[in-house]
Amino acid sequence: MTTIAVIGAGPGLGAAVARRFGRAGHDVALIARDQARLDALAAELAGDGVTARGFTADVRDPNALQAALDAAHATLGPIEILQYSPVPHRDFMRPVLETTPADLIGPLEFSVHGPVAAVQQVLPDMRALGRGTILLVNGGTAVLPHPDRAGTSIAFAAESAYGRLLHETLAPEGIHVAQLIVPGAIIPGHHRKDPAVLADTLWGMHQDRHGFRHFADDLDS
């Protein structure tokens, strides 16, 4: 069986996705900045029968991110599925009239440079397999920009454009690219935005392979 790489892995959505895809037989590469937390999550997943390993990288460092994915490939095997879902920094969310060019560096590194670096690293595995899935998870500002959250609004829009271009370009190669919009916060116990529910949604997107943009909930919720 092949590997899913979860970039931005944490105790919420990342852990839920690891469990859902792990139950289906995929090994899981957990990628985030804190090795101790990744090791703890991998140990927790092992108790659920999921093979998972942690690899550290800051998504704003393309070289480190590609090195982590390379290590994941070497340790776990070919990466068939990539999920890009790190949580944006709060300081990305400044009002638009207070946002300077320097303020946009971080959001663009986070939401554009990171996905591009990750996709470039995993494409050879997907092409060798003849199949693959790339899942982008974004907040509602990817669709409805908010004047008080200029950084994420601008950067998510750019990430969305990149994802849609990939969706159209890679489909003939059997590689499906899709985006899940999660308006507002991920809420444990919510009927549509609980981490386990979202993980099931992402699994369905991987399996069904229809369309680019999907919504976890109504935008005004």
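Here goes a summary of the coordinates provided. Everything numeric here is computed off the predicted structure, so don't read it as measured data. (Residues numbered from 1 in each chain as written. Predicted model: local features only at pLDDT ≥ 70, side-chain atom pairs only at ≥ 80, totals over all residues. Heavy atoms only, no water.)

Some words on the sheet that holds strand β5 (residues 132-139)
Reading across the sheet, the 7 strands line up as β3-β2-β1-β4-β5-β6-β7 and stay open at both edges, with parallel pairing between neighbours. The open sheet has two edge strands, β3 (52-56) and β7 (213-215), and neither has a second partner. Taking the axes of each pair of neighbouring strands and ignoring which way they run, one obtains an average angle of 20° across the sheet. Strand direction decides the pairing type here: strand β1 (residues 3-7) and strand β4 (residues 79-84), joined by 5 bridges, are parallel. Among the inter-strand pairings, V6 is bridged to a residue of β4, identified as Q83. Contacts from helix α1 (residues 13-23) reach β1, β2 (27-32), β4 and β5, with the element oriented near 175° to β1. Relative to strand β6 (residues 175-182), helix α6 (residues 195-208) is tilted by about 155°, and along the sheet it contacts β4, β5, β6 and β7. (Pairing = 2+ DSSP bridges. Helix = DSSP H or I, 4+ residues; strand = E, 2+ residues; numbered from the N terminus. Axes fitted to C-alpha atoms, helices over the stretch in contact; angles between N-to-C directions. Contact = heavy atoms within 4.5 Å.)

Remarks on unusual backbone geometry
Comment: phi is negative for the bulk of residues other than glycine, and the bulk of peptide bonds are trans. In this structure, R209 is a non-glycine residue whose phi angle is positive, near 60°. Within the secondary structure layout, R209 lies in the loop between α6 and β7.

Side note on the pattern of salt bridges
Within the structure shown, the criterion is met by 10 salt bridges. Between R37 and D34 there is a salt bridge whose closest N-O contact spans 3.7 Å. Overall, the relative accessible area of 66% leaves R37 in the exposed class. Here D218 and R192 are joined by a salt bridge, their closest N and O atoms 3.8 Å apart. Remark: R192 occurs in the loop between β6 and α6 and D218 occurs in the segment after β7; sequence separation between them is 26 residues. Residue D218 is classed as partly exposed on the basis of its relative accessible area of 45%. For R192, a relative accessible area of 30% gives the class partly exposed. One salt-bridge network, held together by shared partners, links R19, E44 and D48. (Salt bridge = Lys/Arg side-chain N within 4 Å of Asp/Glu carboxyl O. Buried < 20%, exposed > 50% of the residue type's maximum accessible area, 1.4 Å probe, protein only.)

Examining the pairing of β6
For a regular strand, side-chain orientation follows a simple rule: the groups alternate between the two sheet faces. With respect to burial, β6 is a largely interior element, 8 of its 8 residues being buried. Side-chain alternation along β6 places I175, V177, Q179 and I181 on one buried face and H176, A178, L180 and V182 on a second face that is also buried. Following the backbone out of β5, through helix α5 (residues 150-170) and into the adjacent parallel β6, one traces a crossover that is right-handed. Pairing analysis gives 3 bridges linking β6 to β7, with the strands arranged parallel. What sits directly across from Q179, in β7, is R213. (Right-handed = clockwise from strand over helix to strand, strands pointing away.)

Section: the pairing of β3
Bridge analysis of β2 against β3 gives 5 bridges, and the strand direction is parallel. Bridge pairing in β3 links L30 to G54. The handedness of the β2 to β3 crossover, carried by helix α2 (residues 35-47), is right-handed.

Here we look at a nonpolar patch on the surface
On the surface, a nonpolar cluster with roughly 260 Å² of combined accessible area is contributed by L144, F215 and L219. Relative to the elements of secondary structure, L144 occurs in the loop between β5 and α5. (Patch = residues over 30% accessible without salt bridge, like charges linked within 9 Å, V, L, I, M, F, W, Y side chains within 5 Å. Areas by Shrake-Rupley, 256 points an atom, 1.4 Å probe, with all protein chains shown as cover.)

Concerning the packing of helix α4 (residues 105-129) against α5
Two elements in contact, α4 and α5, have axes whose closest approach is 8 Å; the angle formed by their N-to-C orientations is 20°. Relative to α5, the element α4 lies roughly parallel. Where α4 crosses over α5, the two elements pack in a sense that is right-handed. Contacts between α4 and α5 involve P107, L108, S111, V112, P115, V116, V119, L123 and R127 on the former and, on the latter, G151, A155, F156, A158, E159, Y162, L166 and L170. (Parallel < 35°, antiparallel > 145°, perpendicular 65-115°, else oblique. Left-handed = near helix turned anticlockwise from the far one by under 90°.)

Digging into α1
Along α1, 9 of the 11 residues are buried, which leaves the element largely enclosed by surrounding structure. Restricting attention to buried positions, one finds in α1 the residues L13, G14, A15, A16, V17, A18, R20, F21 and G22. Just downstream of α1 lies G25, where phi reads positive at about 105°.

That is the geometry; function is a separate question.
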